[in-house]
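These are the residues of each chain, in order.
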Amino acid sequence: MTKQKIFGTDGVRGTANIEPVTAETALKLGRAAAHVFKNVSAKSRSRGRHKIAIGKDTRVSGYMLENAISAGVLSMGVDVLFIGPLPTPGVAYVTRSLRADAGIVITASHNPYDDNGIKFFRADGYKLDDKIEGQIEHLVFSGEIESIRPTAGAIGKAVRIDDALGRYIEYAKASFPRRMTLEGLRIVVDCGHGASYKATPCVLRELGAEVIVYGNQPDGTNINKECGSMHPDTICAKVAEHRADIGISHDGDADRVLLCDETGALIDGDDIMAIAALDMLANGTLAKKTLVTTVMSNAGLDAVVLEAGGKIIRTAVGDKNVIDEMLREDYNFGGEQSGHLIFRDYSSTGDGLVASLQILQIMKSQDTKLSQLKQCWTRYPQLVTNVKVREKKPFDQLNGLLDLVAQAEAVVKPEGGRVLLRYSGTEQKARLLIEGRDADVLEHWSKRICTELKNQIGA
């Protein structure tokens, strides 16, 4: 019998009110998670009630899922601390701050508003390992805990934590040098009508910047809609319009960020990693002189870090894979091209606000414009194409596809290039990355491979 799965690469995600993102399954997840975390923390907690923090982004379906999950948690005799709306890294931090047994965040990150999802954090603010996810999954489907029904005073209580946002704001500010301010900087922020709509503008203003804010009027249905880091053209246009020094653009749950320099040019995760890693190497603060990134990052990043005396370790796609490698070897900086940046000296997960503050402090300490900082490295030509698919059939079962990929690799590899074809872990898409020295060659092979994909499994 095939093992039933509910967790993807980043928690549970899908269309809200369609399995597995339904109230019924959310309630079961709440019950299963409460049972697992209660047992995990029982050894370290001698007395006192168990508690789980629940946060969310700004999607209208968050109300439904928040109530369903909390009902499940309470039914297992575990208390609930409501802390949302709050960015995903804020939920991770407040979970630690409140000494909760676990944290749950209801978000579909960069997806459209009609999607939603559920992510879990351990008591230390890190994402769950596969073993604990497997235990929760097993309990959801097996019904093993159906007989566990606390009654009377043993049922959990729910409270709203009114100062959760304030706690996160103070924590984020603490990642910025104490004697430094942002005075004299004009910053445009696009919150994507998501969970950062209060936190990011507030932190920047309190640190002294002049802040112009967009995407800060969520209505439950406009999250990520033609704004935020999924639509970076918006922030680039606004920076030029306001003659700002920098633009900051978040996704729906603000665990990632894309920036824009004062000329209106986009600064992605690879740029941010190059700037920050070189600064950390120069200051002796990059643990083991190592940057952790994924197979999607540009090969130019390897070249500049190696030249500066550091090294790069690559993982599979997904910030969870980056964090797992960082924890395994005790590295302190890593990230993804998409804008997930993990500065482990401050945060246990990707944090778009903390990442922005690290770049701002480099700009301030070096008295340098962002457009000049990004010239520290040279990007190899890279082409990334997404193809919507109706099914995720193994690539080796598609006629001639891997032969095409091999042909493309034979052309680009001799010059330090590569070809990477994979399915998205969160969307019904195939993603193709081709990297090399000749943009025309990349375009040619990308078209051939993507046409073959569309012909065989295109949506």
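Residues numbered from 1 in each chain as written. Predicted model: local features only at pLDDT ≥ 70, side-chain atom pairs only at ≥ 80, totals over all residues. Heavy atoms only, no water.

Asker: Help me understand the overall build of the protein in this model?
Answerer: Across its full length, the protein carries 14 helices and 18 strands. Counting only C-alpha atoms and orienting by the principal axes, one finds that the protein spans roughly 70 × 60 × 40 Å. The buried share among the 459 residues of the protein stands at 57%. (Helix = DSSP H or I, 4+ residues; strand = E, 2+ residues; numbered from the N terminus. Buried < 20%, exposed > 50% of the residue type's maximum accessible area, 1.4 Å probe, protein only.)

Asker: Mind showing me how you'd approach the side chain of Glu 336 here?
Answerer: Tracing the chain through its elements places Glu 336 in the loop between β14 (333–335) and β15 (341–343). The buried charged residue Glu 336 lacks any salt bridge, with Arg 256 as its nearest oppositely charged partner at 5.9 Å. With near-sequence residues (within four places) excluded, Glu 336 lies in contact with Gly 269, Met 273, Thr 293, Thr 294, Val 317, Gly 318, Asp 319 and Val 322. (Lys, Arg positive; Asp, Glu negative; His and termini not counted. Salt bridge = Lys/Arg side-chain N within 4 Å of Asp/Glu carboxyl O. Contact = heavy atoms within 4.5 Å.)

Asker: I tried to follow the pairing of strand β9 (residues 246–250) on my own but got confused; where do I start?
Answerer: Consecutive residues of a regular strand have side chains that alternate between opposite faces of the sheet. A large share of β9 lies buried, amounting to 5 of its 5 residues. Going residue by residue along β9, you find Ile 246, Ile 248 and His 250 tucked away on one face and Gly 247 and Ser 249 tucked away on the opposite face as well. Pairing between strand β7 (residues 186–190) and β9: 4 bridges, direction parallel. Opposite Ile 187, over in β9, you have Ile 246 as the bridge partner. Taken together, the 4 bridges between β9 and strand β10 (residues 257–260) define a ladder with antiparallel strand orientation. Pairing of His 250 across the sheet is with Val 257, part of β10. Where β9 hands over to β10, the hairpin turn is made up of 6 residues, of which Ala 254 adopts a positive phi near 60 degrees. (Pairing = 2+ DSSP bridges.)

Asker: What exactly am I supposed to notice about a nonpolar patch on the surface here?
Answerer: Among the surface-exposed residues, Val 60, Tyr 63 and Tyr 113 lie close enough to one another that they form a single nonpolar patch of about 310 Å² accessible area. As for its placement among the helices and strands, Tyr 113 is situated in the loop between β4 (102–106) and β5 (115–122). Given the relative accessible area of 34%, Tyr 113 is considered partly exposed. (Patch = residues over 30% accessible without salt bridge, like charges linked within 9 Å, V, L, I, M, F, W, Y side chains within 5 Å. Areas by Shrake-Rupley, 256 points an atom, 1.4 Å probe, with all protein chains shown as cover.)

Asker: So what exactly am I meant to see when it comes to the packing of helix α8 (residues 269–283) against helix α11 (residues 352–366) here?
Answerer: The axes of two packed helices give the description: the angle between them and the distance between them. At a closest axis distance of 10 Å, the pairing of α8 and α11 adopts a crossing angle of 55 degrees. As far as their axial angle goes, α11 and α8 are oblique. Relative to α11, α8 is oriented so that their crossing is left-handed. Across the interface between the two elements, Ile 272, Ile 275, Ala 276 and Asp 279 of α8 pack against Ile 359, Gln 361, Ile 362 and Gln 366 of α11. Of the residues assigned to the contact of α8 with α11, the class counts are 5 nonpolar, 2 polar and 1 charged. (Axes fitted to C-alpha atoms, helices over the stretch in contact; angles between N-to-C directions. Parallel < 35°, antiparallel > 145°, perpendicular 65-115°, else oblique. Left-handed = near helix turned anticlockwise from the far one by under 90°. Nonpolar A, V, L, I, M, F, W, Y, C, P; charged D, E, K, R; others polar.)

Asker: Sorry if this is basic, but what is going on with empty space enclosed by the protein here?
Answerer: The probe, sized like a water molecule, is rolled over the atoms to show the empty space still left. Within this structure, the stated rule accounts for 1 cavity of 30 Å³ or more. Volume-wise, the largest cavity comes out at about 70 Å³. Phe 7, Thr 9, Asp 10, Gly 11, Lys 119, Phe 120, Lys 127, Leu 128, Glu 133 and Lys 320 are the residues that line the largest cavity. When grouped by side-chain class, the residues that make up the lining of the largest cavity number 3 nonpolar, 2 polar and 5 charged. (1 Å grid on protein atoms, 1.4 Å probe; cavity = no way out; pocket = protein on both sides within 12 Å on 5 of 7 lines; lining within 4 Å. Points joined across faces, edges and corners; volume = space filled by probe spheres on them.)

Asker: Can you help me understand helix α13 (residues 401–412) in this one?
Answerer: An α-helix turns once every 3.6 residues. As a result, residues three or four positions apart point the same way. The end-to-end C-alpha separation of α13 is 17 Å, in line with the 16 Å expected for 12 residues at 1.5 Å each. Buried residues along α13 sit against β17 (418–423), β18 (429–435) and α14 (439–457). (Expected span 1.5 Å × (residues − 1).)

Asker: Please explain the layout of surface pockets as it appears in this structure.
Answerer: In this structure, the largest pocket spans a volume of roughly 1100 Å³. Lining of the largest pocket is provided by 43 residues; of these, Arg 256, Val 317, Ser 338, Arg 422 and Arg 431 occupy positions nearest its centre. Only α4 (130–142), α10 (319–329), β16 (382–388), β17 and β18 provide two or more residues apiece to the lining of the largest pocket. Class assignment for the residues of the lining of the largest pocket results in 9 nonpolar, 17 polar and 17 charged. Of the volumes computed, that of the second largest pocket is approximately 250 Å³. Lining the second largest pocket are 16 residues; nearest its centre among them are Met 280, Thr 285, Tyr 346, Gln 358 and Gln 361.

Asker: Just checking my understanding: could you explain the packing of aromatic side chains for this structure?
Answerer: Ring pairs (aromatic) are described by centroid distance and by the angle formed between their planes. Counted by the stated rule, this structure contains 5 aromatic pairs. Over the ring of Tyr 63 we find Lys 56; its NZ or CZ atom is 3.9 Å from the centre of that ring. The residue whose ring lies beneath Arg 437 is Tyr 380, and the NZ or CZ to ring-centre distance is 4.5 Å. (Phe/Tyr/Trp six-rings, centres within 6.5 Å; stacked < 30°, edge-to-face > 60°. Lys NZ or Arg CZ within 6 Å of the ring centre and 35° of its normal.)

Asker: Would you explain unusual backbone geometry in this entry?
Answerer: A negative phi angle characterises most non-glycine residues, just as the trans form characterises most peptide bonds. Note that the residue after Glu 19, namely Pro 20, is joined by a cis bond; omega there is 5 degrees. With respect to the element layout, Pro 20 can be found in the loop between β1 (12–15) and α1 (23–42). Here the bond from Gly 84 into Pro 85 is cis, since omega is 0 degrees, no more than 30 degrees from zero. Within the secondary structure, Pro 85 sits in the loop between β3 (79–82) and α3 (88–97). Unusually for a residue other than glycine, Ala 152 sits at a positive phi of about 50 degrees. Position of Ala 152 relative to the elements: it lies in the loop between α4 and β6 (158–160). Relative accessible area serves as the criterion here: at 68%, Ala 152 is assigned to the exposed category. A positive phi angle, close to 60 degrees, is found at Ala 254, a residue other than glycine. Residue position: Ala 254 is located in the loop between β9 and β10.

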